[in-house]
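Each chain, letter by letter, is given below.
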Amino acid sequence: METISVPLSKRKLWLLLLASCLFVAVGIWLWGEAPSYDDLDRIKATFASVVCVIFFGLCIPVFVFKIIDRRAGVVINDQGIYRMGVFNYHDVIPWKHITHCTIGKIQRTRLLHIHVDNVEEILADLSPLKRWSQRMSIASSGTPYSLSSAALEGNFDDLKELIEAGIATYRDRQR
């Protein structure tokens, strides 16, 4: 199997960076406006402004790094599927454990769920907090692995077909 790379969409990353900057600006503006509100509204406005500035402020360097980074978002090769995390690649998802793929949706973001047959092995290797978080994800999607369409370039259905072809190729080689 030849190596296939799916790049990150720089256009989508620029839009996410712009949105983060706008939310930080709104948070700073709201911080200045908060004292003019009464009691509970002032507390809500202060809380919202702090959350906006901290969360979206932390997103800004991540998006800048991803815009500058030239590595692919997903790499498919003989070993399996490599997914780009925040700053580095996650461990490979080996073909021998992938059973099938499904497409889910959270609001407007499409997710490609990669189902595997070794979920308990994956969970056993995680720290307790990560294991709990991963179990929550598995409860909603049925799998510990998913790819988001939010930052990937290209057609999401084509990516699903590439992965399904990889599964078929691996199974054919095993026969």
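Residues numbered from 1 in each chain as written. Predicted model: local features only at pLDDT ≥ 70, side-chain atom pairs only at ≥ 80, totals over all residues. Heavy atoms only, no water.

S.K.: Just checking my understanding: could you explain the sheet that holds strand S7 (residues 145-148) for this structure?
M.R.: One key point about sheets: their strands pair by backbone hydrogen bonds, in either a parallel or an antiparallel sense. Judged by pairing direction, the sheet is antiparallel, and its 3 strands sit side by side in the order S5-S6-S7 without closing on themselves. Two strands in the sheet have a free side with no partner beyond their single neighbour: strand S5 (98-106) and S7. Each neighbouring strand pair of the sheet contributes to a mean axis angle of 25 degrees, computed without reference to strand direction. Here S5 runs beside strand S6 (residues 109-116); their pairing, made up of 8 bridges, is antiparallel. Bridge pairing in S6 places Ile106 opposite Thr109. (Pairing = 2+ DSSP bridges. Helix = DSSP H or I, 4+ residues; strand = E, 2+ residues; numbered from the N terminus. Axes fitted to C-alpha atoms, helices over the stretch in contact; angles between N-to-C directions.)

S.K.: Quick question: what am I supposed to make of the environment of Phe56 here?
M.R.: Residue placement: Phe56 occurs in helix H2 (residues 39-68). Considered as a pair, Phe56 and Lys12 are 44 residues apart in the sequence and their alpha carbons are 16 Å apart.

S.K.: Please clarify how the sheet that holds strand S4 (residues 93-94) should be interpreted in this entry.
M.R.: Pairing in this open sheet of 4 strands is antiparallel, and the strands run S1-S2-S3-S4 from one edge to the other. Edge positions in the sheet fall to strand S1 (4-6) and S4, since each has one partner strand and no second. One ladder, built from 2 bridges, connects strand S3 (residues 80-83) with S4; its direction is antiparallel. Following the sheet pairing, Gly80 is matched in S4 by Pro94. Helix H5 (residues 156-174) rests against S1, strand S2 (74-76) and S3 of the sheet, and its axis sits at about 30 degrees to S2. (Contact = heavy atoms within 4.5 Å.)

S.K.: I tried to follow a negative patch on the surface on my own but got confused; where do I start?
M.R.: Together, Asp91, Asp117, Glu121 and Asp125 give the surface a local cluster of negative charge. Among the structural elements, Asp91 can be located in the loop between S3 and S4. The class of Asp91 is exposed, set by a relative accessible area of 67%. (Patch = residues over 30% accessible without salt bridge, like charges linked within 9 Å, V, L, I, M, F, W, Y side chains within 5 Å. Areas by Shrake-Rupley, 256 points an atom, 1.4 Å probe, with all protein chains shown as cover. Salt bridge = Lys/Arg side-chain N within 4 Å of Asp/Glu carboxyl O. Lys, Arg positive; Asp, Glu negative; His and termini not counted. Charge placed at Lys NZ, Arg CZ, Asp CG, Glu CD. Buried < 20%, exposed > 50% of the residue type's maximum accessible area, 1.4 Å probe, protein only.)

S.K.: Explain the pairing of S6 here, please?
M.R.: Within a regular beta strand, the side chains point alternately toward one face of the sheet and then the other, so they alternate between its two faces. By the criterion of burial, S6 is predominantly enclosed, with 6 of the 8 residues buried. In terms of strand pairing, S6 meets S7 through 4 bridges, oriented antiparallel. Across the sheet, His113 pairs through a bridge with Ser146, a residue of S7.

S.K.: In this structure, what is going on with the pattern of salt bridges? I would like to understand it.
M.R.: Once their charged atoms are close, side chains differing in charge can pair, the charge on each being opposite to the other. Applying the stated criterion to the full structure yields 5 salt bridges. A salt bridge links Asp39 to Arg42; the shortest N-O distance between them is 3.6 Å. Of this pair, Asp39 and Arg42 both sit in helix H2, 3 residues apart, which is roughly one turn of the helix. For Arg42, a relative accessible area of 34% gives the class partly exposed. Across the pair Asp157 and Arg110 runs a salt bridge whose closest N-O atoms are separated by 2.9 Å. Separated by 47 residues along the polypeptide, Asp157 in helix H5 and Arg110 in strand S6 bring together distant segments of the chain. Judged by its relative accessible area of 34%, Asp157 is partly exposed. Look at Arg110 and you get partly exposed, because its relative accessible area is 27%.

S.K.: In this structure, what is going on with the environment of Ala25? I would like to understand it.
M.R.: Mapped onto the secondary structure, Ala25 falls in helix H1 (residues 10-33). In sequence terms Ala25 and Val53 are 28 residues apart; their C-alpha atoms lie 7.8 Å from each other.

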